[in-house]
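# Summary of the model geometry
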Amino acid sequence: PSQIKLKALANINSDSNNNLIGNIDINNITYWGDQEYNFGAVTLTSLFQNNDYNLNLTAPFIKVDYASTLHPNDFVAKASDITIFEPFSHIFSRKNRRDSIPSGDTEVKIITYDTQDLCDILMPEIYVADSTRIAVTLDRRDSLKVLLDSDRIAFGNNYMKDVTIDISNQDSLIVLEL
């Protein structure tokens, strides 16, 4: 059996549209499974102001910054609509996209630090190098761009070194650079 111990302090409010504003500080995170892991402190901050959403996650193993005119749920729905649920031929032309999902400008920046302990728990066969960077941008025209830059990413015995992957659907083309 696995156990987790932590100490959390939350200062969260919601506005009239149920947007959560505030921060959550989680300290002294310790996980026991096959061995003991100490994760230190994790801070999540949420701010909604002037129709802009800003979320920040800071931890010893990762930093995530989200800035958007879209609610995070709408960003996930829009990105999924573009990448997963849209027929491949429509990615170029943006035909038949669900109009019920709003469009907006979004930027997500992720940088990893030492993820070894987290990967040991979640997926032991995965390795992600310290300072791996992922940047995702989505604009009002539904142009999606994903950039991944890493010294090493591994899955079991398979790995990529000094990898940069740049994918976008801008200008009615899908562009992939390796």
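Below you will find a few notes about this structure.

## Quick look at the nonpolar core
Membership of the largest hydrophobic core comes to 19 residues, with the highest contact counts inside it found for F39, F61, Y66, F75, V108 and L138. Mapped onto this core, the elements with two or more residues apiece are β2 (20-32), β3 (36-49), β4 (52-59), β5 (62-68), α1 (72-85) and β8 (133-138). For F39, the residues in contact, after removing those within four places along its chain, are I29, Y31, P60, F61, D117, L118 and I121.

## Thoughts on the side chain of T115
Here T115 shows up in the loop between β6 (106-112) and α3 (116-122). Sequence-distant contacts of T115, defined by excluding residues within four places in its chain, comprise F61 and V128.

## Notes on the packing of aromatic side chains
Tallied over the full model, the rule gives five aromatic pairs. Residues Y37 and F39 carry aromatic rings whose centres are separated by 6.3 Å and whose planes lie at 20° to one another, so their mutual orientation is stacked. Joined through ring pairs, the aromatic side chains of Y31, Y37, F39 and F61 make up one cluster. The lysine or arginine in question, R152, covers the ring of Y159, its NZ or CZ lying 4.2 Å from the ring centre.

## Concerning a nonpolar patch on the surface
On the surface, L122, M123 and F155 cluster together to form a nonpolar patch covering roughly 310 Å² of accessible area. With respect to the secondary-structure elements, L122 resides in helix α3.

## What to know about the pairing of strand β9 (residues 144-155)
Both strand β7 (residues 126-128) and β9 contribute to a ladder of three bridges, which runs antiparallel. In the sheet register, I126 faces β9, and the bridge partner there is F155. Pairing of β8 with β9 involves six bridges; the strand directions are antiparallel. The residue of β9 that forms the bridge with I134 is L148. Across 10 bridges, the pairing between β9 and strand β10 (residues 158-168) is antiparallel. Bridging from a neighbouring strand, K145 pairs with S168 of β10. Connecting the antiparallel pair β9 and β10 is a turn made up of two residues, with G156 showing a positive phi of about 65°.

## Here we look at the environment of S46
Tracing the backbone shows S46 in strand β3. S46 sits in the buried class, given a relative accessible area of 16%. S46 sits 23 residues away from N23 along the chain, and the two C-alpha atoms are 6.1 Å apart. Those residues in contact with S46, other than ones at most four positions away along the chain, are L20, I21, G22, N54 and L55. At 2.5 Å, the side chain of S46 forms a polar contact with the backbone oxygen of L20.

## Brief notes about the pairing of β6
The sheet contact formed by β5 and β6 spans seven bridges and is antiparallel. Bridge assignment links Y66 to a residue of β6, and that residue is V108. Bridge analysis of β6 against β8 gives six bridges, and the strand direction is antiparallel. Its bridge partner lying in β8, E107 is registered against T137.

Quick notes on the rules
- Residues numbered from 1 in each chain as written.
- Predicted model: local features only at pLDDT ≥ 70, side-chain atom pairs only at ≥ 80, totals over all residues.
- Heavy atoms only, no water.
- Core = buried A, V, L, I, M, F, W, Y, C linked by side-chain atoms within 4.5 Å.
- Buried < 20%, exposed > 50% of the residue type's maximum accessible area, 1.4 Å probe, protein only.
- Helix = DSSP H or I, 4+ residues; strand = E, 2+ residues; numbered from the N terminus.
- Contact = heavy atoms within 4.5 Å.
- Phe/Tyr/Trp six-rings, centres within 6.5 Å; stacked < 30°, edge-to-face > 60°.
- Lys NZ or Arg CZ within 6 Å of the ring centre and 35° of its normal.
- Patch = residues over 30% accessible without salt bridge, like charges linked within 9 Å, V, L, I, M, F, W, Y side chains within 5 Å.
- Areas by Shrake-Rupley, 256 points an atom, 1.4 Å probe, with all protein chains shown as cover.
- Salt bridge = Lys/Arg side-chain N within 4 Å of Asp/Glu carboxyl O.
- Pairing = 2+ DSSP bridges.
- Polar contact = N/O pair within 3.5 Å; in protein donor to acceptor, adjacent residues only side chain to side chain.

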